[in-house]
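# Architecture at a glance
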Amino acid sequence: MWGILRQKVGRGGFPASILGQSLQRIQPAASVLQRTFSTATKEMTVRDALNSALDEEMSADPKVFLMGEEVGEYQGAYKISRGLLEKYGPVRVVDTPITEAGFTGIGVGAAYYGLRPVVEFMTFNFSMQAIDHIINSAAKSCYMSSGQINVPIVFRGPNGAAAGVGAQHSQCYAAWYSSCPGLKVLAPYSSEDARGLLKAAIRDPDPVVFLENELLYGESFPVSAEVLDSSFCLPIGKAKIEREGKHVTITAFSKMVGYALKAAEELSKDGVSAEVINLRSIRPLDRATINASVRKTNKLVTVEEGFPQHGVGAEICASVVEESFEYLDAPVERIADADVPMPYAANLERMAVPQVEDIVRAAKRACYRSVPLAASA
């Protein structure tokens, strides 16, 4: 079986010499990362950050290609692939039929040959059609081949709830995929996250699940000249402290980071100093940063847009109890979706997903402040 993977293929516009290569692109050296950049900033949407990261990585490495539904002629369901078909052609920007199981399997096979596919799901809910390829093929092949076969593939697309799309299109897959050894799972919040983490995912030798958020695509964030540099890349497995504080630690990822920052601003009006940690990487999880923060603040609130049972917050709680239990001055608070399928009605949907006021109440409970018992819809 493994002998087949060593065959060289020269079709489809890719030279055989490129297809036969399995060398990993070298990450920027420390000296590169230490370069001095202008402190001037500009605004960039998450959509443009993802688009520019794809463009730069496809330009730098001819092994990188994009495939998925409507990524080419339509330029992406959310316009993430805008302009890429015109620039790179249909061999490297591949429109697929509506068959996730089919094109995901093709992507995994291409990664076996040394290419670097970026597989787009129109929503990660549709990745369930292809979950066998992701879990049993991509995630396990390196281990099952004794390290002989790397699978450098990225599975990306919008994850979690959007607005009014019902139970089948609103699930968060962070906990689902991060429970599987062999996968790396990333969840960007800002434009800096989107650019740096997607570049890291594409360059990585292992399969990466890249969980975006539909409601963040149009959000603009300030980006520095360093972020805009083509060599910019963020480390996988490292969280970012978005806001420093001393009274309570709040962990969050993806859209919930913005909610946590708003909650921290509200808490500051009442004299509560909240430290907000943007996880960025769900697997591997930056346990060191989380535990160091809890040992400083002595309190923890976890926030996620997913089901509470077996969630990311539950794993963080376990880590803190195992490593920093003696530092806790209050029970850990977990904020998550309601433990029900997502309602379609707007008022019920709002009650089912975390809100800023939920985070504020939880933080005040952890700090032993008087708070109301329930949220208003």
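In this report, we go over the structure that sits alongside the text. Remember, predicted model here, so these are calculated numbers, not experimental data.

Before going further, it helps to examine the pattern of salt bridges. With the rule as written, the count across this model stands at 26 salt bridges. Across the salt bridge formed by R280 and D193, the nearest N and O atoms sit 2.7 Å from each other. Of the two residues, R280 sits in the loop between strand 11 (274-278) and strand 12 (281-283) while D193 sits in helix 9 (residues 191-203), which places them 87 residues apart along the sequence. Note on R280: relative accessible area 6%, which makes it buried. Judged by its relative accessible area of 0%, D193 falls in the buried class.

The next thing to look at is helix 3 (residues 46-60). With 15 residues, helix 3 extends 21 Å between its outermost C-alpha atoms, agreeing within 8% with the 21 Å of an ideal straight helix rising 1.5 Å per residue. What helix 3 keeps buried is the set V46, A49, L50, N51, S52, A53, L54, E57 and M58.

We now examine the side chain of E349. Along the chain, E349 falls in helix 14 (residues 346-352). No salt bridge is formed by the buried E349. Its closest oppositely charged neighbour is K255, at 8.1 Å. Not counting residues up to four positions away in its chain, the partners in contact with E349 are A163, G164, V165, M342 and P343.

Attention now moves to the sheet that holds strand 9 (residues 240-243). Two pairing modes exist for strands in a sheet, parallel and antiparallel, and in both the strands are linked by backbone hydrogen bonds. What the five strands build is an open sheet, ordered 9-11-10-13-14; its pairing is mixed. Looking at strand neighbours, the two that pair on one side only are strand 9 and strand 14 (333-335), the edges of this open sheet. Neighbouring strand axes in the sheet, compared pairwise and without regard to direction, differ in orientation by 25° on average. Summarising the sheet, strand 13 (residues 300-303) and strand 14 pair through three bridges and their orientation is parallel. Following the sheet pairing, T302 is matched in strand 14 by R334. Packing against the sheet, helix 13 (residues 312-324) makes contact with strand 10 (248-252), strand 13 and strand 14, and its axis sits at approximately 155° to strand 13.

Calculation criteria
Residues numbered from 1 in each chain as written. Predicted model: local features only at pLDDT ≥ 70, side-chain atom pairs only at ≥ 80, totals over all residues. Heavy atoms only, no water. Salt bridge = Lys/Arg side-chain N within 4 Å of Asp/Glu carboxyl O. Helix = DSSP H or I, 4+ residues; strand = E, 2+ residues; numbered from the N terminus. Buried < 20%, exposed > 50% of the residue type's maximum accessible area, 1.4 Å probe, protein only. Expected span 1.5 Å × (residues − 1). Lys, Arg positive; Asp, Glu negative; His and termini not counted. Contact = heavy atoms within 4.5 Å. Pairing = 2+ DSSP bridges. Axes fitted to C-alpha atoms, helices over the stretch in contact; angles between N-to-C directions.

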